[in-house]
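For reference, the chains in residue letters:
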Amino acid sequence: MHQIPFLLLDIDGVLIPFPAQDKSTPATHTRHQVQVTGYADPICVWLNPEHGPLMADAINTGLVRPMWCTSWRIDAPRLIGPLLGLPAFEHIELPRPAITTSHPDGYLWKRDHAERWLADSPVVWIDDDFTPLDHQWAADRTAAGRATLLVEPDPHAGLQPEHVTTALEWAIDLASSKEAA
Ligand SMILES: [Mg+2]
């Protein structure tokens, strides 16, 4: 039976693009104050309200199973999802490694954990911070029969509609190739 791929979704650099050098944020994005778990003071985030319907429509196709994969952890479904009006979905409980770079071993720090969590499941993963080693991992995983697509927005621009289209078209192709098999 065809396994519906997971869609792993990052937040920083994807739903919350990096600010410009002058600290400005995109005009497309609305600022919000959020009270992050474990922080005394609220912090400011900026979200594109169009990402709500964009992602909700993608999820409602049933072509992918969404999961947050972000250092926001529980605050992704608790704070960010509701601000965008997204349907509720769960998060991968990432560890909190003592690292000073997002690529402590030359690849994205989340990857080993996500890989264990995914086991043999197909996945399309939207994150702004992959390295060439991650792309090699995706190619190797696909070659081993575990279809894997990495979609990598520019962190200064964040998620664009074409990233979601790419993910959904890949999921459609995957479903039809499994049906044909
Ligand atoms: Mg990121």
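Residues numbered from 1 in each chain as written. Predicted model: local features only at pLDDT ≥ 70, side-chain atom pairs only at ≥ 80, totals over all residues. Heavy atoms only, no water.

Participant: What is the right way to read the packing of aromatic side chains from this model?
Facilitator: Enumeration over the complete set of coordinates arrives at four aromatic pairs. Relative to Trp137, the ring of Trp125 lies with its centre 5.9 Å away and its plane at 80 degrees, an arrangement referred to as edge-to-face. Taken together, the residues Trp125 in strand S5 (residues 123–126) and Trp137 in helix H4 (residues 132–143) connect sequence positions twelve residues apart. Assigned by exposure class, Trp125 and Trp137 land together as buried. Connected via pairs of aromatic rings, a cluster forms that spans Trp125, Phe130 and Trp137. (Phe/Tyr/Trp six-rings, centres within 6.5 Å; stacked < 30°, edge-to-face > 60°. Helix = DSSP H or I, 4+ residues; strand = E, 2+ residues; numbered from the N terminus. Buried < 20%, exposed > 50% of the residue type's maximum accessible area, 1.4 Å probe, protein only.)

Participant: Is there a simple way to explain the side chain of His91 in this structure?
Facilitator: In this fold, His91 is placed in the loop between helix H2 (75–84) and helix H3 (111–118). Owing to a relative accessible area of 17%, His91 belongs among the buried residues under this scheme. Within the structure, the side chain of His91 is placed 2.7 Å from the side chain of Glu93, a separation counted as a polar contact. Those residues in contact with His91 that sit more than four places away from it in its chain are Met67, Trp68, Arg73, Ile74 and Pro77. (Polar contact = N/O pair within 3.5 Å; in protein donor to acceptor, adjacent residues only side chain to side chain. Contact = heavy atoms within 4.5 Å.)

Participant: I would appreciate a short explanation of the pattern of salt bridges in the present structure.
Facilitator: Oppositely charged side chains can form a pair if their charged atoms are brought close together. All chains considered together, the criterion is met by five salt bridges. A salt bridge links Asp134 to Arg111; its shortest N-O distance comes to 3.0 Å. Separated by 23 residues along the polypeptide, Asp134 in helix H4 and Arg111 in helix H3 bring together distant segments of the chain. The residues Asp134 and Arg111 share a single accessibility class, namely buried. Taken together, the shared-partner salt bridges connect Asp10, Lys110 and Asp127 into one network. (Salt bridge = Lys/Arg side-chain N within 4 Å of Asp/Glu carboxyl O.)

Participant: I tried to follow the sheet that holds strand S1 (residues 6–9) on my own but got confused; where do I start?
Facilitator: Strand pairing within a sheet occurs via backbone hydrogen bonds; the two strands may be parallel or antiparallel. Strand order in the open sheet formed by four strands is S4-S1-S5-S6, with parallel pairing between adjacent strands. The open sheet has two free edges, formed respectively by strand S4 (65–68) and strand S6 (148–151), since each of these has just one partner strand. Between one strand and the next, the sheet's axes are offset by a mean angle of 20 degrees, whatever the strand orientation. With four bridges connecting them, S1 and S5 associate as parallel partners. Looking at the pairing, Leu8 lines up with Trp125 of S5. Of the strands in this sheet, S5 and S6 are in contact with helix H5 (residues 161–180), which crosses S6 at around 175 degrees. (Pairing = 2+ DSSP bridges. Axes fitted to C-alpha atoms, helices over the stretch in contact; angles between N-to-C directions.)

Participant: So what exactly am I meant to see when it comes to the coordination of the magnesium ion here?
Facilitator: For a metal with four tetrahedral donors the ideal donor-metal-donor angle is 109.5 degrees, whereas six octahedral donors ideally subtend 90 or 180 degrees. Donor atoms from the polypeptide that coordinate the magnesium ion comprise Asp10 (OD), Asp12 (O) and Asp128 (OD), at 2.1 Å from the metal. Along the chain, the residues donating to the magnesium ion fall in the pattern D-x1-D-x115-D. Linking Asp10 in the loop between S1 and strand S2 (30–34) with Asp128 in the loop between S5 and H4, this pair joins segments that are 118 residues apart in sequence. We classify Asp128 as buried; its relative accessible area is 10%. (Donors = N, O, S within 2.8 Å, 3.2 Å for Na, K, Ca; no water.)

In short, the description is geometric, and any link to function would need to be established separately.
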